[in-house]
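# Descriptive analysis of the structure
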Amino acid sequence: MIRAGIAGASGFAGGELLRLLLAHPAVKIAWVSSERLAGQPVSVSHADLAGETELHFSASPDSDADVVFLCLAHGASAEVLERLKLPRETTIIDLSQDHRLAGASGWIYGLPELNRERIRGASCGGARIANPGCFATALQIGILPVAAAGLLPDELHSSAVTGSTGAGAGMSDTLHFSWRASNMQVYKPFDHQHLPEVRQSLVQLQPGFTGAHRFIPYRGPFTRGIIASTYFRWDGDADSAKKLYADFYSGHPFVSIADEQPDLKQVVNTNRCIVHLSYADGQVLAVSVLDNLLKGAAGQAVQNMNLLCGRDESEGLRLKASAY
């Protein structure tokens, strides 16, 4: 049995992780922490868990766990790790952006569709996994096969729309219902913080890639999910592009290639990512959809834990979509 701890369990990603681990057949939750809600039952933050668990929030993270998940604000994970001084044999999976880039020595970038064998080959006792960002996951799954074939062109053009839960559980002007409902807005055009990790992965697969990647993110009028699209020059035909993607994702249980344009309801509340390809005038458009809180955060973290600990990759993650 894997003993798990969740630091920052009162937020959206922490709550989803808590729900997944409570139902995971190989996990026992040792502790969950929230400085703000210390001493209170988890149902104070996650009302749907009333009657489902007797867990209470502790004031701070503990060292008593085999796997510690960090669901903390960006910038806080490194400080907490320094303060906790966890035993070296403790596995850490960080859902923040603090350790995603190559300068974070000893950390593995935890996108299974990119680094599955490296993750699986790491020691379950002491691995350090940097969970990818939600936009980064959606964009990369739409581009990685091309990079792996060494066929990235000089320019990539991406856009993506995310639900309000992507901004976290804290309140801001753009998260009020009266602002978000029936509304959309571009934010952080061309310089979103997830772009460096996307480029890092593309260069890992296609060394020397220096092309431009222009990304326009949008705030969408819904709570969860991401729909992302990237178009780029393609010298082959439609069939060659589809074969490239199908071959690359063969054996990856949570990515599927669809014949029709996907929609968010197919993936919300699941760990799946669906990709669709269109071809016209020498351009390929890759559209990917996923749940930002699951495949974009907590679900991917559990997927990484499964790989690290020798479990079936999809254990605890065969989830039902909300079809209507």
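In what follows, the structure referred to is the one given above.
Bear in mind that the values here come from a model prediction, so they are computed numbers and not experimental data. (Residues numbered from 1 in each chain as written. Predicted model: local features only at pLDDT ≥ 70, side-chain atom pairs only at ≥ 80, totals over all residues. Heavy atoms only, no water.)

Attention now goes to the overall build of the chain. From N to C terminus, the chain includes nine helices and 14 strands. Rg of the C-alpha trace for the chain: 19 Å, near the compact-globule value of 20 Å for 324 residues, within the 12% margin. In the chain, once contacts between residues fewer than 6 apart in sequence are set aside, the share between residues at least 24 apart is 72%. Accessible area for the chain stands at about 13,900 Å²; split by element, carbon and sulfur atoms hold 51% of it. Charged side chains in the chain number 27 positive and 32 negative. The centres of these two groups are separated by 2 Å. (Helix = DSSP H or I, 4+ residues; strand = E, 2+ residues; numbered from the N terminus. Rg over C-alpha atoms; globule rule 2.2 N^0.38 Å. Contact = heavy atoms within 4.5 Å. Areas by Shrake-Rupley, 256 points an atom, 1.4 Å probe, with all protein chains shown as cover. Lys, Arg positive; Asp, Glu negative; His and termini not counted. Charge placed at Lys NZ, Arg CZ, Asp CG, Glu CD.)

Residue position: K295 is located in the loop between strand 14 (283–290) and helix 9 (298–308). Residue K295 is classed as buried on the basis of its relative accessible area, which comes to 0%. At 2.7 Å, the side chain of K295 and the side chain of Q300 are in polar contact. (Buried < 20%, exposed > 50% of the residue type's maximum accessible area, 1.4 Å probe, protein only. Polar contact = N/O pair within 3.5 Å; in protein donor to acceptor, adjacent residues only side chain to side chain.)

To continue, consider the environment of S164. Position of S164 relative to the elements: it lies in the loop between strand 8 (155–162) and helix 6 (177–180). Its relative accessible area of 14% is what places S164 among the buried residues. Counting along the chain gives 46 residues from S164 to T210, while the straight-line C-alpha distance between them is 32 Å.

Our next topic: the packing of aromatic side chains. A complete count under the given rule lists two aromatic pairs for this structure. Aromatic side chains F135 and F215 sit 5.3 Å apart centroid to centroid with 80° between the ring planes, which places their arrangement in the edge-to-face category. Remark: F215 occurs in strand 10 (residues 212–219) and F135 occurs in helix 4 (residues 134–141); sequence separation between them is 80 residues. Taking the centre distance of 4.9 Å and the plane angle of 85° together, the rings of F248 and Y249 count as edge-to-face. The ring of Y187 carries R219 above its face, with NZ or CZ at 4.4 Å from the centroid. (Phe/Tyr/Trp six-rings, centres within 6.5 Å; stacked < 30°, edge-to-face > 60°. Lys NZ or Arg CZ within 6 Å of the ring centre and 35° of its normal.)

Bringing the nonpolar core into the picture now. L21, V32, F69, I93 and M305 are the most contacted members of the largest nonpolar core, which totals 38 residues. Contributions of two or more residues to this core are made by strand 1 (2–7), helix 1 (12–23), strand 2 (27–33), strand 4 (67–70) and helix 9. Setting aside residues up to four positions removed in sequence, F69 forms contacts with A4, G5, I6, A7, L17, L21, I93, L95, A301 and M305. Membership of the second largest hydrophobic core comes to 36 residues, among which are Y109, A138, L139 and A147. (Core = buried A, V, L, I, M, F, W, Y, C linked by side-chain atoms within 4.5 Å.)

Next up on the list: the pattern of salt bridges. Pairs can form between side chains of opposite charge once their charged atoms are near each other. Summed over the entire model, instances satisfying the criterion amount to 16 salt bridges. Because the salt bridges share partners, they merge into one network encompassing E16, R19, D48, R224 and D291. (Salt bridge = Lys/Arg side-chain N within 4 Å of Asp/Glu carboxyl O.)

One can find I143 in the loop between helix 4 and helix 5 (144–148). Once the C-alpha coordinates of I143 and Y231 are considered, the two residues, 88 residues apart in sequence, prove to be 9.2 Å apart. The residues touching I143, leaving out its near neighbours within four places in the chain, are L152, L156, S158, L202, H213, T230 and Y245.

So, on to the sheet that holds strand 10. The seven strands lie next to each other as 9-10-8-11-14-13-12, forming an open sheet whose pairing is mixed. Of all the strands in the sheet, just strand 9 (185–186) and strand 12 (255–258) have a single pairing partner and so form its edges. Examined bridge by bridge, strand 8 and strand 11 (residues 226–233) share six bridges and lie antiparallel to one another. By the bridge assignment, S158 is partnered in strand 11 with T230. Along the sheet face, helix 4 touches strand 8, strand 10, strand 11, strand 12, strand 13 (273–280) and strand 14 and points at about 40° away from the line of strand 11. (Pairing = 2+ DSSP bridges. Axes fitted to C-alpha atoms, helices over the stretch in contact; angles between N-to-C directions.)

Turning our attention to the sheet that holds strand 1. Taken together, the seven strands give an open sheet; going across it, the order is 3-2-1-4-5-7-6, and neighbouring strands pair in parallel fashion. With partners counted over all chains shown, the strands left at the sheet margins are strand 3 (57–58) and strand 6 (108–109), one partner each. Bridge count for strand 5 (residues 91–94) against strand 7 (residues 128–130) is three bridges, and the pairing is parallel. Opposite D94, over in strand 7, you have A130 as the bridge partner.

Bringing the side chain of E197 into the picture now. Here E197 shows up in helix 7 (residues 195–205). Leaving out residues up to four positions away in the same chain, E197 has contacts with R100, L101, Y109, P132, G133, A136 and Q140.

Here we take up the packing of helix 3 (residues 112–121) against helix 9. Angle between the axes and distance between the axes are the two parameters that describe a pair of packed helices. Where helix 3 meets helix 9, the axes come as close as 9 Å, and the angle between the chain directions of the two elements is 30°. With respect to helix 9, the element helix 3 is oriented roughly parallel. Considering how the two elements wind past one another, helix 3 and helix 9 form a crossing that is right-handed. Residues P112, E113, R116, I119 and R120 of helix 3 pack against Q300, Q303, N304, L307 and L308 of helix 9. Considered class by class, the residues forming the contact of helix 3 with helix 9 number four nonpolar, three polar and three charged. (Parallel < 35°, antiparallel > 145°, perpendicular 65-115°, else oblique. Left-handed = near helix turned anticlockwise from the far one by under 90°. Nonpolar A, V, L, I, M, F, W, Y, C, P; charged D, E, K, R; others polar.)

By themselves, these observations are geometric and do not establish any function.
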